Amino acid sequence: MERDTALPGLLDPDGRTGRARVRVGECLVEADLNHITAPHGEAALEPKAMAVLVYLIEHAGAVVSTGELIDAVWRGRPMGDNPVYRCIAQLRRALGDDPREPRYITTVPTKGYRLIAPVEVPGAERRAPPVVPDRRHEPAPAAPASDAPMPTRSPWRPWLRPTLLLLMLCVVALAAWVRHRAPDASVASVAAPVPIAVLPLQAAAHDEAGTALAQSATDVIRHGLARLPGLVVVADTSAAHVPGAAGEARAIGRQLHARYLLRGDVVGVDGRLRVRVQLLDGRSGKLLWSSAPTRPMGELALLRDDIVRGVADVLRQPVATHDTGAIHLDAFAVYLRGQRLLSAAPSDADEAVELFRRATILDPGFARAYQGLGLALVQKAEAAPGPAAGTQAEAAQAFDRALELDPALGEAWVGRALLESEPARAEALFRKGLALAPSDGPGHVRHAQFLFAHARVGEAIEAMERARRIDPLAPELCLTQAFFVMVVRSDVAEHDRLVSQALEINPRLPAALYQLAWSKWEYSGEFAQAARLIEQAIRVEPQSLPARALARNIYLDLGDPAAALAVLGPDPAPLAGMELAQYRGDRKGAAAALAMLTPASWPDGGPQAAKAQAIRDAAIEAGDPAAAVRVLQPVYTFRTGRLPMLSRGFALAYAHTLVLAGDVRGGQTLARETLALVDAHGIGRARHWFSRERAAAFAVLGDDAQVLQELAHSVENGQLYRWWYLAGHDPLYAHLRGDPRFQALDRQATAHRDRQRTLHEAMQREDGVAAARLTEQGETGSVPEIR
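Cut-off values and rules
Residues numbered from 1 in each chain as written. Predicted model: local features only at pLDDT ≥ 70, side-chain atom pairs only at ≥ 80, totals over all residues. Heavy atoms only, no water. Salt bridge = Lys/Arg side-chain N within 4 Å of Asp/Glu carboxyl O. Helix = DSSP H or I, 4+ residues; strand = E, 2+ residues; numbered from the N terminus. Buried < 20%, exposed > 50% of the residue type's maximum accessible area, 1.4 Å probe, protein only. Pairing = 2+ DSSP bridges. Contact = heavy atoms within 4.5 Å. Axes fitted to C-alpha atoms, helices over the stretch in contact; angles between N-to-C directions. Core = buried A, V, L, I, M, F, W, Y, C linked by side-chain atoms within 4.5 Å. pLDDT = per-residue confidence, 0-100. Expected span 1.5 Å × (residues − 1). Arc of directions from axis to C-beta. Parallel < 35°, antiparallel > 145°, perpendicular 65-115°, else oblique. Left-handed = near helix turned anticlockwise from the far one by under 90°. Nonpolar A, V, L, I, M, F, W, Y, C, P; charged D, E, K, R; others polar. Phe/Tyr/Trp six-rings, centres within 6.5 Å; stacked < 30°, edge-to-face > 60°. Polar contact = N/O pair within 3.5 Å; in protein donor to acceptor, adjacent residues only side chain to side chain.

A. Structural context of the pattern of salt bridges. Counting across every chain of the model gives 37 salt bridges. Across the salt bridge formed by Lys-520 and Asp-496, the nearest N and O atoms sit 3.4 Å from each other. With a gap of 24 residues between them, Lys-520 in helix 19 (residues 510-523) and Asp-496 in helix 18 (residues 492-505) connect regions that are remote in the sequence. Take Lys-520: its relative accessible area is 14%, and that puts it in the buried class. Since its relative accessible area comes to 9%, Asp-496 is described here as buried. As a salt-bridge pair, Arg-532 and Asp-767 come within 2.7 Å of each other at their nearest N and O atoms. Taken together, the positions of Arg-532 in helix 20 (residues 527-540) and Asp-767 in helix 32 (residues 740-776) put the pair 235 residues apart, joining distant regions of the chain. What you see here is one network of salt bridges that share partners, running through Arg-295, Glu-299, Asp-306 and Arg-309.

B. Region of interest: the sheet that holds strand 3 (residues 35-38). Spatial ordering of the open sheet is given by 4-3-2-1-7, a layout of 5 strands whose pairing is antiparallel. The open sheet has two edge strands with one neighbour each: strand 4 (41-44) and strand 7 (119-120). The pairing of strand 1 (residues 21-24) with strand 2 (residues 27-30) spans 4 bridges and is classified as antiparallel. Each residue of the ladder has a partner; that of Arg-23, found in strand 2, is Leu-28. Across the sheet, helix 3 (residues 83-95) is in contact with strand 2, strand 3 and strand 4; its angle to strand 3 comes to roughly 40°.

C. Examining the nonpolar core more closely. Of all hydrophobic cores here, the largest spans 175 residues; its most connected members are Leu-225, Leu-262, Leu-279 and Tyr-733. For this core, the element with the most residues is helix 8 (residues 300-315), which contributes 9 residues. If sequence neighbours within four positions are ignored, Tyr-733 has contacts with Arg-692, Ala-695, Ala-696, Ala-699, Val-707, Leu-711, Leu-726 and Phe-742.

D. Local environment of the pairing of strand 3. Relative to strand 3, strand 2 runs antiparallel, the two sharing 3 bridges. Counted as the bridge partner of Leu-28 is Thr-37 from strand 3. Following strand 2, the chain reverses through 4 residues before pairing antiparallel with strand 3; Asn-34 in that reversal takes a positive phi of roughly 50°. In the sheet, strand 3 pairs with strand 4 via 4 bridges, with the strands oriented antiparallel. Counterpart to His-35 in the pairing with strand 4 is Ala-44. Connecting strand 3 to the next strand, strand 4, in antiparallel fashion are 2 residues.

E. Inspection of the confidence of the model for the chain at higher detail. Put simply, the chain has an average pLDDT of 84, and 83% of its residues get 70 or more. When the criterion is pLDDT under 50, residues 1-19 qualifies, and its contacts beyond four places in sequence or with other chains add up to 41 contacts. Overall, residues 125-167 carries pLDDT values under 50, and its contacts beyond four positions in sequence, including any with other chains, amount to 27 contacts.

F. Structural detail: helix 10 (residues 349-362). Taking 1.5 Å per residue as the helical rise, helix 10 with its 14 residues ought to reach 20 Å, and the 20 Å between its terminal C-alpha atoms agrees with that figure. The set of residues buried in helix 10 consists of Ala-349, Ala-352, Val-353, Leu-355, Phe-356, Ala-359 and Thr-360. Buried residues of helix 10, seen end-on, are gathered within an arc of 165° and therefore sit on one face of the element. Against helix 9 (329-344) and helix 11 (367-383) lie the buried residues of helix 10.

G. Up close: the packing of helix 29 (residues 691-701) against helix 30 (residues 704-717). Where helix 29 meets helix 30, the axes come as close as 8 Å, and the angle between the chain directions of the two elements is 165°. Considered as vectors, helix 29 and helix 30 are oriented roughly antiparallel to each other. Crossing of helix 29 against helix 30: the hand is left-handed. Counted together, Ser-691, Arg-692, Arg-694, Ala-695, Phe-698 and Ala-699 of helix 29 and Gln-706, Val-707, Glu-710, Leu-711, His-713 and Ser-714 of helix 30 form the full contact between these two elements. Its residues assigned to classes, the contact of helix 29 with helix 30 shows 5 nonpolar, 4 polar and 3 charged.

H. Examining the packing of aromatic side chains more closely. One pass over the full model with this rule turns up 16 aromatic pairs. Residues Tyr-523 and Trp-689 carry aromatic rings whose centres are separated by 5.8 Å and whose planes lie at 50° to one another, so their mutual orientation is tilted. Here Trp-689 lies in the loop between helix 28 (664-681) and helix 29 and Tyr-523 lies in helix 19, a separation of 166 residues in the sequence. In this pair, the class of Tyr-523 matches that of Trp-689, namely buried. Between Phe-650 and Tyr-654 the ring centres are 6.2 Å apart and the planes differ by 20°, which places this aromatic pair in the stacked class.

I. The arrangement of the environment of Phe-366 in detail. Within the fold, Phe-366 resides in the loop between helix 10 and helix 11. Considering only alpha carbons, one finds Phe-366 and Ala-331, 35 residues apart in sequence, at a separation of 8.2 Å. The contact partners of Phe-366, leaving out residues within four places of it in the chain, are Ala-331, Phe-332, Tyr-335, Ala-359 and Leu-405.

J. Summary view of the side chain of Asp-281. Take Asp-281: it is sitting in strand 12 (residues 272-281). A relative accessible area of 1% means that Asp-281 is categorised as buried. Within the local environment of Asp-281, its side chain forms a polar contact with the backbone nitrogen of Ser-284, the two atoms lying 3.1 Å apart.

K. Representation of helix 15 (residues 441-453) within the structure. Counted at 1.5 Å a residue, the expected span for helix 15 with its 13 residues is 18 Å, and the 19 Å between its end C-alpha atoms agrees. When we look at burial in helix 15, the residues that qualify are Gly-441, Gly-443, His-444, Val-445, Arg-446, His-447, Ala-448, Phe-450 and Leu-451. Buried positions along helix 15 lie against helix 11, helix 13 (410-419), helix 14 (423-436), helix 16 (457-470) and helix 17 (475-489). Note on helix 15: the residue one or two positions beyond its end, Ala-455, has a positive phi of about 65°.

So, in C-alpha cells, the structure goes:
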C-alpha cells in the first residue's frame, strides 16, 4: 500500500501495516482496497480520491487547504483543472454526503476542506474530529536508543491523579463561565458564511401601495444584511417560494438550507412606517430576537439600519458601515418592477431598461437602479449582438455611475466584468465584485459561465454550487450544473440526480423534462422512460419544436416511425422530416431537406452527425462523393478552432467523405486527430464513454477488429441511439454486416429496442388509466396524449 493511504492507528502489535480499515461516520473505509461501504451502497474510489480521504482522516477536525492536499497527494505536481475538487466530489458521492448540509466533509470557503464526521479505528476508542490534535507542524519524536535502560517509575506519578482532577475542575469552571457570558450557542459565529433567509414581509394593507411598501422593505433589508461579511443571504427568488407568514420555521430552514430566518410584517399609517421582525433559528425554530422599529415613512434606510444592527448584534457579526442615502419609495418600487421583469423574462430587456431609467430619473442618486440599468442593457446586447456596441457603451456608463455613487456595490463590479474582453481583467473584476457581494447569486452564475467558457470547468462547478446555495429553489441552476457535470465527467447518475432535483422544485419545467429525456435516450438507452418524459414536456409546452424533434428521434429508436411522424404535427418543416427520410432509406430526400442550411447554421453537434451523414450518403448513391466534400468542407472550415469536441461526430463523417472522394491521407489524418481528441477527453469519465466515436474513427482507418470491440462496448453501455441507422444504413459499417460478430451485436440491440417498446406501451396504458380516473373524479390537470 502506498504511503498516501497509510492510516494512523492501523499498525499491528509488531509494527507492520495491517489492513487499512476505519469507520468514518456510518461508512466503512477500506483504504487498501480503495473501497467505501456506506448505508446507501458500496463504491470504488480512484486511488487519489482515497488518498485525499486518508489525509483528511489523518487530520480530522482540522481545515486542510487545497494546496496542502496537492502537496501531499500529488506531491505538488499540478494535475489538470482542480483535481482536488474532483476527488472531493467523488468522496461526497461515495459517502452519501450533501455539500449544502454536510455530515462528512465541509467546505470552508477560501480555506479548504474539513472532515467533520466522527472517526473510529476498529479496536481503538471512538474519536470525533474536534478533539483530534493536528500534529502536522510538530517535530517528530526522537527514536529511543537500542541500548537505553528500561523506564523507571516517574517521581511525580503519585501527584498525577490529583493534578488531573484539579485541571478538570478548572475546565468545568471555565466552561460554566463561558456559558454564562456567551449568548446562546445556536448563534455562535463560525468561520464559514452563515446562510440567512429574509422571508417576504407581509403587508398589513393588502392594497397595491401596501404590497409595494412590503416588497421594498423586504428588499432593502435583504440587501443590507447581504453587506454583513459573515452572512450569505438566500435569494429572493427562493425565499418567495416558501410560506413566509405561516410556515413552520424548521421546515422552511430545511427547504432553503438557511441557518436563520427573518420574517415579519410592514405597517404604514399616518406617514409612519413600522416593521415588525423576528429572527428565528432555522434548525430549532427558536425565537432568537424580535423588534418593531418605527420611523417616518421617508426614513426606510434608517429603519433598515436598525434591523441590520439588531441582527448583527445577535449573530455577532461586524456591521459594514455604508451610507447610500435616503430611499425614494416610488423609485424603489419602479426598480423592483424592473428587477422582477429581468429575472422572470430576460427577453423583455427593453421594457426593463425603461423601468430602470425611470427609477434613475425619480432618484438620480439611486446606485442600484443604475446597476440594474447596466445589467438590462447587457442582456439587450446579448439578445441583439448586431447593434451591441452602442448598447454596451451605455451599459458601461450605467455601471460606472453606480460605482461612483456606491463603490462597495459588488453587483456593479460584476457588471463591469461582463463587458470586459480581456479574460484576466474580467476575472479580477468578477472576484472583486463577488467579494463585495457574496450573496449575488446571478453574479456567481455569470462567473461560472465565464469560467466554463475559458475551459476552467472544475472552478465553474464550484461557482455554480455557490449560486445554488444562495438560490436553492432555482431549478435552472440545477440544470446548468448538471450540464457542467456531464461535460466534465460524463457522470450520468449525478447529472440525472441534479435534473431530478430541478423537477422536484418544478415538476412541470419543460427544460428539465427535456434534459432528463435526452439523458435517458442518449446516455442510458432507456428509450421508454425518455419517451414518457418528452411526452410530458410536450404536454406542458406543445409548441416546442426541440421537444418534438427529440420525441421523433426517441420514437425512431423504439422502432415506431408512425409515432415519429405524428409527433411532428400535420405540416412539418423539411428539416424536421430528414431523419424520417433516413429511416426509410430515402437518401436523396434526406439530403434535399438540408438544401437551405448555411455553414454557420449547420446543426450537427457532439456525437450526432445525422445531417453530414445524409449529405455523404446521397453523394454515394449518386456516385459523386466529391459533391459531398464541396458541401461539407465550408462547414468544417467554419468550425475550425471552435471547441472541436462539439464537432467530433461531424468531423468523423467528413473524414469518411474525404476518403471516399479519394483524399485517403486527409481523411485518415482527420480520423486520427479526432480519435486522439476523444481519447484525451475520455480520461476520468465512465469507461468506454466515447466508444461510438472510436468505432467510427477505426472504421475510417480500416481497423475492423477494433471497430467491433468498440461497438460491443457501446452496446454494453446502453449507448444505442440511432442504432437503426448504424446497423441498417451507415456505409461505414456496410462491409461488416455479414460478420457474425456484428450480427450478434445487432441482435442484442434489436432485443433491447423491443423490450423498451413493450415497456413504453405499458407505461402509456398506465398513464391512460390514471388520466381516466382523474377525469371521472372531475380533476383538472390531466392532459391529452400527444398522438
